[in-house]
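Observations on the model geometry
The lines below spell out each chain.
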Amino acid sequence: MRLRQLKRGFAGVAAAGLLLLTAGCGSLSVPETTAAKAEETTAAQTKAEEKTEAASREEALKEAKKTVRVVGNLSGLSLDMGNAFCDSLEELSGGSIAVERYLTGQVGTNDEDLCIALSEGNFDVYLTSDMLATWVLPEWLGYANVAFCFRDADHVKKYWTMLDQEYALNGRMIEQYNVRALITDSVAVRTPRYITANKEIKSPQDMKGLKFRTPSVEGVVASWQACGASIVPIPFGELYSALQTGTADAQENPTDMIMQGGFYGVQKYMMLTSHQYGAYLFHANETWYQSLSDTEKDWVSQAATKGYELFNEKGAEQDAQYIKELAEKGMTVIPAEEIDIDAFKEAIIGPVLEKFKDSWAKDGWEAIQAL
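Numbers given for residues are sequential positions, taken from 1 along each chain in its written order. Where totals are concerned, whole chains, interfaces and linings use all residues; where local detail is concerned, this predicted model gives features only for residues with pLDDT of at least 70, and gives and counts side-chain atom pairs only at 80 or more. Excluding hydrogens and water, the side-chain figures rest on all heavy atoms present in the structure.

We now examine the overall build of the protein. Runs of H or I in DSSP of at least four residues are treated as helices and runs of E of at least two as strands, each being numbered from the N terminus. From N to C terminus, the protein includes 16 helices and 12 strands. Exposure classes here rest on a 1.4 Å probe applied to the protein chains alone. A residue is buried below 20% of its type maximum, exposed above 50%, and partly exposed in between. For the protein, the residues scored as buried account for 46% of the 371 residues in total. Here, residues are in contact when the closest pair of their heavy atoms is within 4.5 Å. Of the contacts made within the protein by residues no fewer than 6 positions apart, 74% connect residues no fewer than 24 positions apart.

This is the structure in structure tokens:
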């Protein structure tokens, strides 16, 4: 009789709670039917909560005057940036713009396909790197891949502003692809790339004959070939093994990728060359963008800035933390002050500019360096 009363009294309690209740009495145990009922109740509650959240989202979409579908294939800090944009736009609009988030590859993972899908209006905002800009201004984007093109992150921001204001980046992008880059007072600048190897590399002489893995980008490849390195094109997923077996002697990447790849396990040195910076930008379908009022466009701009600022601030902090952690994992970190950066520039810039003089913008290097 007592056991039946316990069953009735705690039918809505999770099975774990019942186990705790009976643990002090060896003659009592939890009947399987009670545990099953508890699990069913918990599952039903979870389903009800999910249904309520879905209903709330649907209601918000109905009440909102406009909707923005934000897409990305993001993780880590770039995902934080995407969410910051969405959160800020929701807050600034007071709910009048409903944000649908597809930030982790739900729509797709191929950058080229997603750029075309944005152009066709399959969604409204896409966070990615510089592919679209490369399509419309290849004569300028080539320079960004030359080692030591940029002094620092601020220099990168000035470069993107120049492309927009002086060389009609968005005008060309809109004309050719019906897309604009949301270039505000800022863009998201990836942390700098560094060299790792099993020996110290302090001058171009140290690169001679080195089997050096880089991305297969013409400006990048040409830069290190000018230093005498032998470039080996290896997919990132195979790079650890290549460094371990000696198929490659060295590589270059930002610290987050060095950590992700575990290269500290097969490389002894990391040189803080800061030789290249990449960028992320929010891109908007122009038809959707022009459907916005001036106030709404301003909200979009502010939201993009919010995302960029968060990425840049957290990125700098993360870079410093990873440098510290990589040293703790046994890598010897060579600071920029111990590297002959001027010698690298002398070895790289002249030959690379000569190689691409007929395909890159005339006097483009000088214009970038004057910023």
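On we go.
Whether parallel or antiparallel, the strands of a sheet pair through hydrogen bonds between backbone atoms. Two strands pair under a simple rule: DSSP has to find at least two bridges between them. In spatial order, the strands read 8-7-9-6-10-12; together these six strands make up an open sheet with mixed pairing. The strands lining the two open edges of the sheet, one partner per strand, are strand 8 (230-231) and strand 12 (332-334). Both strand 6 (residues 194-197) and strand 9 (residues 250-253) contribute to a ladder of four bridges, which runs antiparallel. Across the sheet, Y194 pairs through a bridge with N253, a residue of strand 9.

Time to look at the confidence of the model for the protein. Where the model shows low pLDDT, its predicted coordinates should not be examined in detail. Along the chain, pLDDT gives the predictor's confidence residue by residue, from 0 to 100. For the protein, mean pLDDT is 89; residues scoring 70 or higher make up 83% of the total. Contacts for the low-pLDDT stretch residues 1-38, under 50 throughout, to residues beyond four places or in other chains number 21 contacts.

Right, let's get into the nonpolar core. Residue types Ala, Val, Leu, Ile, Met, Phe, Trp, Tyr and Cys, when buried and joined through side-chain atoms within 4.5 Å, form a set referred to as a nonpolar core. F85, W160 and W224 are the most contacted members of the largest nonpolar core, which has 90 residues in total. Filtering out sequence-adjacent residues up to four positions away, F85 remains in contact with V70, V125, F282, V300, A303 and A304. Core analysis: the next-biggest nonpolar cluster, separate from the first, contains 17 residues, L239, L243, M259 and L272 among them.

For helix 5 (residues 111-119), the complete set of buried residues consists of D111, L114, C115, A117, L118 and S119. Where helix 5 is buried, its residues contact strand 1 (66-71), strand 3 (125-128), helix 6 (131-136), helix 9 (169-177), strand 4 (179-181) and strand 11 (279-285). Backbone geometry just downstream of helix 5 places G121 in the positive-phi region, at approximately 85°.

What follows concerns the pattern of salt bridges. Salt bridges are identified by distance alone: a Lys or Arg side-chain nitrogen within 4 Å of an Asp or Glu carboxyl oxygen. Evaluation of the coordinates by the stated rule reveals 13 salt bridges. Between R101 and E90 there is a salt bridge; the shortest N-O distance is 3.1 Å. Within this pair, whereas R101 is found in strand 2 (residues 97-102), its partner E90 is found in helix 4 (residues 76-93), the two being separated by 11 residues in sequence. The exposure class assigned to E90 is partly exposed, which follows from its relative accessible area of 30%. For R190, the salt bridge is made with D256, and the minimal N-O distance between the two is 3.4 Å. Taken together, the residues R190 in the loop between strand 5 (188-189) and strand 6 and D256 in helix 12 (residues 255-261) connect sequence positions 66 residues apart. Each of the salt bridges in this network shares a partner with another, and the network as a whole consists of D87, E90 and R101.

A word on the packing of aromatic side chains. The aromatic pairing rule takes the rings of Phe, Tyr and Trp, using the six-membered ring of Trp, and pairs them if the centres are within 6.5 Å, calling planes under 30 degrees apart stacked, those over 60 edge-to-face and the rest tilted. In total, this model carries 17 aromatic pairs according to the counting rule given. Plain terms: the ring middles of F148 and W224 are 6.4 Å apart, the flat faces sit at 65° to each other, and that makes the pair edge-to-face. Here F148 is found in the loop between helix 7 (138-141) and helix 8 (153-166), whereas its partner W224 is found in helix 10 (residues 218-225), with 76 residues between them in sequence. Measuring from ring centre to ring centre gives 5.1 Å for F150 and Y159, while their planes differ by 65°; the resulting arrangement is edge-to-face.

Right, let's talk about the packing of helix 4 against helix 14 (residues 294-328) for a bit. Lines fitted to C-alpha atoms define the axes, with helix axes restricted to the stretch in contact, and inter-axis angles between N-to-C directions lie between 0 and 180 degrees. Direction vectors running N to C along helix 4 and helix 14 enclose 150°, while the axes themselves pass 8 Å from each other. Our pair here, helix 4 against helix 14, has a crossing hand that is right-handed. Grouping the amino acids of the contact of helix 4 with helix 14 by side-chain chemistry returns 13 nonpolar, seven polar and three charged. When the near helix sits turned anticlockwise from the far one by under a right angle, the crossing is termed left-handed; a clockwise turn instead gives a right-handed crossing. For this classification, Asp, Glu, Lys and Arg are treated as charged, while Ala, Val, Leu, Ile, Met, Phe, Trp, Tyr, Cys and Pro are nonpolar and the rest, including Gly, are polar.

Here helix 4 contains 18 residues, and its C-alpha end-to-end distance of 26 Å stays within 8% of the 26 Å for a straight helix at 1.5 Å per residue. Along helix 4, the residues that are buried comprise L77, S78, M81, G82, A84, F85, C86, S88, L89 and S93. Backbone geometry just downstream of helix 4 places G94 in the positive-phi region, at approximately 60°. How far a helix is expected to stretch is found by multiplying one less than its residue total by 1.5 Å.

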